[in-house]
Amino acid sequence: MNKVVAVANQKGGVGKTTTSVNLAACLAAQGCRVLLIDLDPQGNATSGVGVDRDACERSIYDGLLGTRTIDELIVEVATPGLKLIPSTTDLAGAEIELVSHPAREFRLREAVQAMGEQFDFILLDCPPSLGLLTVNALVAADTVLVPIQTEYYALEGLGHLLHTIGLIHEHLNPSLSIEGILLTMYDGRTNLSEQVATEVTTHFGDLVFETVIPRNVRLGEAPSFGKPISEYDASSRGAVSYKELALEFLARNGYGADTAASA
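The rules behind these values
- Numbering of residues begins from 1 in every chain and follows the order in which that chain's sequence is written.
- The predicted origin of the model limits local features to residues at a pLDDT of at least 70 and limits the giving and counting of side-chain atom pairs to 80 or more, whereas totals for whole chains, interfaces and linings rest on all residues.
- Excluded from the side-chain calculation are hydrogens and water; included are all heavy atoms of the structure.
- Secondary structure counts use DSSP, requiring at least four H or I residues in a row for a helix and at least two E residues in a row for a strand, with both numbered from the N terminus.
- Buried, partly exposed and exposed residues are distinguished by accessible area as a fraction of the type maximum, computed with a 1.4 Å probe on protein chains only: under 20%, between the cut-offs, and over 50%, respectively.
- For this analysis, residues touch if any pair of their heavy atoms sits within 4.5 Å.
- Between N-to-C directions, angles cover 0 to 180 degrees, with each direction set by a line fitted to C-alpha atoms, over the stretch in contact for helices.
- Any angle from 65 to 115 degrees is called roughly perpendicular, while one under 35 is roughly parallel, one over 145 is roughly antiparallel, and all others are oblique.
- Nonpolar residues are Ala, Val, Leu, Ile, Met, Phe, Trp, Tyr, Cys and Pro. Charged residues are Asp, Glu, Lys and Arg, and all others, Gly as well, are polar.
- Identification of polar contacts relies on pairs of N or O atoms within 3.5 Å, with a donor-acceptor requirement for protein atoms, meaning one able to donate a hydrogen and the other able to accept it, and with residues adjacent in sequence counted only if both atoms are side-chain atoms.
- Under the pairing criterion, centres of Phe, Tyr and Trp rings, with the six-membered ring standing for Trp, must be within 6.5 Å; the plane angle then separates stacked pairs below 30 degrees from edge-to-face pairs above 60, leaving the rest tilted.
- Strand pairing is assigned whenever DSSP detects at least two bridges linking the two strands.
- Two distance rules govern patches: like charges are joined within 9 Å, and nonpolar side chains (Val, Leu, Ile, Met, Phe, Trp, Tyr) within 5 Å, applied only to residues with over 30% relative accessible area and no salt bridge.
- Only the protein chains shown count as covering a residue, and every accessible area follows the Shrake-Rupley method with a 1.4 Å probe.
- We count a salt bridge whenever a side-chain nitrogen from Lys or Arg sits within 4 Å of a carboxyl oxygen from Asp or Glu.

Visitor: Provide a residue-level description of the side chain of K3, including the pertinent values.
Guide: Looking at where K3 falls in the secondary structure, it is placed in strand β1 (residues 3-7). On the basis of relative accessibility, which here comes to 18%, the residue K3 falls in the buried class. The residues touching K3, leaving out its near neighbours within four places in the chain, are D120, F121, I122, D142, T143, E179 and N253.

Spelled out as structure tokens, the structure:
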């Protein structure tokens, strides 16, 4: 069965899209069939895997509005094993247009379920808000992966997100759970990063991934070349960290290193 993972945090700049793109690419490199769905109207995940969003004639917007089937929206990308459903600027108006639709919170789940079992993992890159697009992602998802920047306001707003996840679990998606909390933009040279990491781990224990994503210049450069970090600079600290995250993610989901290729 497809496992659907929403990458969500209503705070901007915490590494949601970086994580969505690079975890998807690294899972694909391990032999998994992966679909990345860009739910952010900014379309950064789309351009981050080398797709020109301005040239896309269809996007996840069409799937949410029901004008096309989800299979019609899938785009091939250069990364073997990875496919994309892009975002375009049309998505910015989707929340307003969906308000009048019946069962508007379930539009994405219905679309994803219609795909059957084509993929091992479907990653949803959410916008930096808790609006209807993110709610659709949480209703469609099996789990939520929450990136947290290791800076002063790391925990600010996290309680609100967890409360929202709890409400979705209670009222709309009883199978929803937390995949894990990922520390991003970690700078081992500063006491602050270490303090935040300790605080988050103390609060959330085993929910926190052991893998930590460092602050890394190459990670910031890769999107401008339309490549995941594993293809832009496979030897960089960022690439190594996301590969480690993919392996930890697979282990959490019951796949050993020797079974990832047959996921």
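Visitor: An account of the packing of helix α1 (residues 16-29) against helix α11 (residues 237-252) is needed here, citing residue identities and associated values.
Guide: One way to put it is that α1 packs onto α11 with a least axis distance of 9 Å and a crossing angle of 70°. It follows that α1 is roughly perpendicular to α11 by the angle criterion. Residues T18, T19, N22, L23, C26 and L27 of α1 touch α11, and the partners they reach there are Y242, K243, L245, A246, F249 and L250. Considering only residue class, the contact of α1 with α11 consists of 8 nonpolar, 3 polar and 1 charged.

Visitor: Help me get a handle on the side chain of T150, residues and values and all.
Guide: On the secondary structure map, T150 appears in the loop between β6 (143-149) and α7 (158-171). By relative accessible area, which is 2% here, T150 ends up buried. In terms of polar contacts, T150 uses its side chain to reach the side chain of S193, at 3.4 Å. Ignoring any residue separated from it by four or fewer positions in sequence, one finds T150 in contact with L183, T184, M185, Y186, D187, S193 and V196.

Visitor: For the packing of aromatic side chains, give the residues involved together with the corresponding values.
Guide: Note on aromatic pairs: each is described by the distance of the centres and the angle between the planes. In the structure shown here, the tally under the stated rule is 4 aromatic pairs. Pairing F121 with Y255 gives two aromatic rings, centres 6.0 Å apart and planes at 85°, and the pair type is edge-to-face. Here F121, found in strand β5 (residues 121-125), pairs with Y255, found in the segment after α11; they are 134 residues apart in sequence, far enough to count as distant. Judged by its relative accessible area of 1%, F121 is buried.

Visitor: Please give an account of the environment of A234 that cites residues and values.
Guide: Tracing the backbone through its elements, the reader meets A234 in the loop between α10 (229-232) and α11. Looking at A234, the relative accessible area reads 53%, which means it is exposed. Remark: the alpha-carbon pair of A234 and R218, spanning 16 residues in sequence, is separated by 9.9 Å. Setting aside residues up to four positions removed in sequence, A234 forms contacts with I229, A239 and V240.

Visitor: Tell me about the pairing of strand β4 (residues 82-85), and name the residues and values.
Guide: For strand β2 (residues 34-38) and β4, the ladder comprises 4 bridges, and the chain directions are parallel. Looking at the pairing, L36 lines up with L84 of β4. Sheet topology places strand β3 (residues 75-76) next to β4; 2 bridges connect them, and they run antiparallel. From the neighbouring strand, V75 faces β4, where its bridge partner is L84. Taking the residues that link successive antiparallel strands as the turn, the β3-β4 hairpin has 5 residues, and the phi of G81 there is positive, at about 85°.

Visitor: Break down a nonpolar patch on the surface for me, with residues and values.
Guide: A cluster of nonpolar side chains, Y152, Y153 and L192, forms an exposed patch at the surface whose accessible area comes to about 370 Å². As for its position among the elements, Y152 is in the loop between β6 and α7. A relative accessible area of 63% places Y152 in the exposed class.

Visitor: Outline the pattern of salt bridges, supporting the account with residue identities and numerical values.
Guide: Following the criterion strictly, the structure yields 8 salt bridges and no others. Here R189 and D187 are joined by a salt bridge, their closest N and O atoms 3.0 Å apart. For R189, a relative accessible area of 76% corresponds to the exposed category. Residue E221 pairs with R218 through a salt bridge whose shortest N-O separation is 2.7 Å. Here R218 and E221 lie together in helix α9 (residues 217-221), a separation of 3 residues that amounts to about one turn. With relative accessibility at 31%, the residue R218 sits in the partly exposed group. Salt bridges here are not isolated pairs; linked through shared partners, they connect R218, E221 and D233.

Visitor: Which residues make up the sheet that holds β1, and what values go with them?
Guide: Judged by pairing direction, the sheet is mixed, and its 8 strands sit side by side in the order β3-β4-β2-β5-β1-β6-β7-β8 without closing on themselves. Edge positions in the sheet fall to β3 and β8 (208-214), since each of these pairs with one other strand and no more. Each of β1, β5 and β6 touches helix α6 (residues 132-140); the most contacted strand, β1, lies at about 150° to it. On the sheet, α7 packs against β6 and β7 (177-186) and is oriented at approximately 175° with respect to β6.

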